[in-house]
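One letter stands for each residue in the lines below.
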Amino acid sequence: MSERETARQVLDALKLAEPKPAQEALPLLNGLIPLVQRGGDQNLEQNLEVQEARASAFLSICEVGKALHRGNPIDGLYAAAIAATERWMALAE
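The structure displayed is predicted, hence computed values, not measured ones.

Caption draft 1: Structural context of the overall build of the protein. Within the protein, the regular secondary structure consists of four helices and zero strands. Reading the protein from its N terminus to its C terminus gives the helix and strand order α-α-α-α. Taken against the 2.2 N^0.38 rule, which gives 12 Å for 93 residues, the C-alpha radius of gyration of the protein at 13 Å falls within 12% of a compact globule. Taken along its principal axes, the extent of the C-alpha atoms in the protein is 40 × 20 × 15 Å. Taken across its 93 residues, the protein has 38% of its residues classed as buried. Only carbon and sulfur atoms are counted for the fraction: they give 52% of the accessible area of the protein, which is about 5,300 Å². For the protein, the centre of its 9 positive side-chain charges and the centre of its 13 negative side-chain charges are spaced 4 Å apart.

Caption draft 2: Seen up close, the pattern of salt bridges. Under the criterion given, the structure shown has five salt bridges. Between Glu3 and Arg54 there is a salt bridge; the shortest N-O distance is 2.8 Å. With Glu3 in helix 1 (residues 3–17) and Arg54 in helix 3 (residues 48–70), the pair connects residues that are 51 residues apart, well separated along the chain. Owing to a relative accessible area of 13%, Arg54 belongs among the buried residues under this scheme. In this structure, Glu86 and Lys15 form a salt bridge, with 4.0 Å as the shortest nitrogen-oxygen distance. Highlighted residues: Glu86 in helix 4 (residues 77–91) and Lys15 in helix 1, separated in sequence by 71 residues. Exposure remark for Glu86: the relative accessible area of 35% places this residue in the partly exposed category. We classify Lys15 as partly exposed; its relative accessible area is 43%.

Caption draft 3: View of helix 4. With 15 residues, helix 4 ought to run about 21 Å at 1.5 Å a step, and its terminal C-alpha atoms sit 21 Å apart, in line with that. Elements in contact with the buried residues of helix 4: helix 1, helix 2 (22–38) and helix 3.

Caption draft 4: Helix 3, seen in detail. Taking 1.5 Å per residue as the helical rise, helix 3 with its 23 residues ought to reach 33 Å, and the 33 Å between its terminal C-alpha atoms agrees with that figure. Among all positions of helix 3, only Val50, Ala53, Arg54, Ala57, Ser60, Ile61, Val64, Gly65, Ala67 and Leu68 are buried. Of the surrounding elements, those touching the buried residues of helix 3 are helix 1, helix 2 and helix 4. At the N-terminal end of helix 3, a side-chain oxygen is found 2.6 Å from the backbone nitrogen of Glu49, two or three residues along, and the residue is Asn47. Gly71 sits one or two positions beyond helix 3 and adopts a positive phi of about 75 degrees.

Caption draft 5: Broad picture of the environment of Ala53. Here Ala53 shows up in helix 3. Separated by 39 residues in sequence, Ala53 and Ala92 have C-alpha atoms that sit 9.1 Å apart.

Rules behind the numbers
- Residues numbered from 1 in each chain as written.
- Predicted model: local features only at pLDDT ≥ 70, side-chain atom pairs only at ≥ 80, totals over all residues.
- Heavy atoms only, no water.
- Helix = DSSP H or I, 4+ residues; strand = E, 2+ residues; numbered from the N terminus.
- Rg over C-alpha atoms; globule rule 2.2 N^0.38 Å.
- Buried < 20%, exposed > 50% of the residue type's maximum accessible area, 1.4 Å probe, protein only.
- Areas by Shrake-Rupley, 256 points an atom, 1.4 Å probe, with all protein chains shown as cover.
- Lys, Arg positive; Asp, Glu negative; His and termini not counted.
- Charge placed at Lys NZ, Arg CZ, Asp CG, Glu CD.
- Salt bridge = Lys/Arg side-chain N within 4 Å of Asp/Glu carboxyl O.
- Expected span 1.5 Å × (residues − 1).
- Contact = heavy atoms within 4.5 Å.
- Polar contact = N/O pair within 3.5 Å; in protein donor to acceptor, adjacent residues only side chain to side chain.

Pasting the structure below:
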């Protein structure tokens, strides 16, 4: 799977998880972690900016997951994760 396809899959799952209650959203988010960690085509000469965008998306998704798991407010966390993932996808073109 290409880097862009991976980012698209992550973005779709984030948008699917957003309206769901924590007990339904957490498994979806946990399923994204291997995708975001692994990245797309594993090109060793991959653009550093794409790698940084992927890392930012990963951290944003983790923040959403932590807040859901702890029962904390998620105000703005999904928006930040979606924006970070959209940036990653745009750079992966």
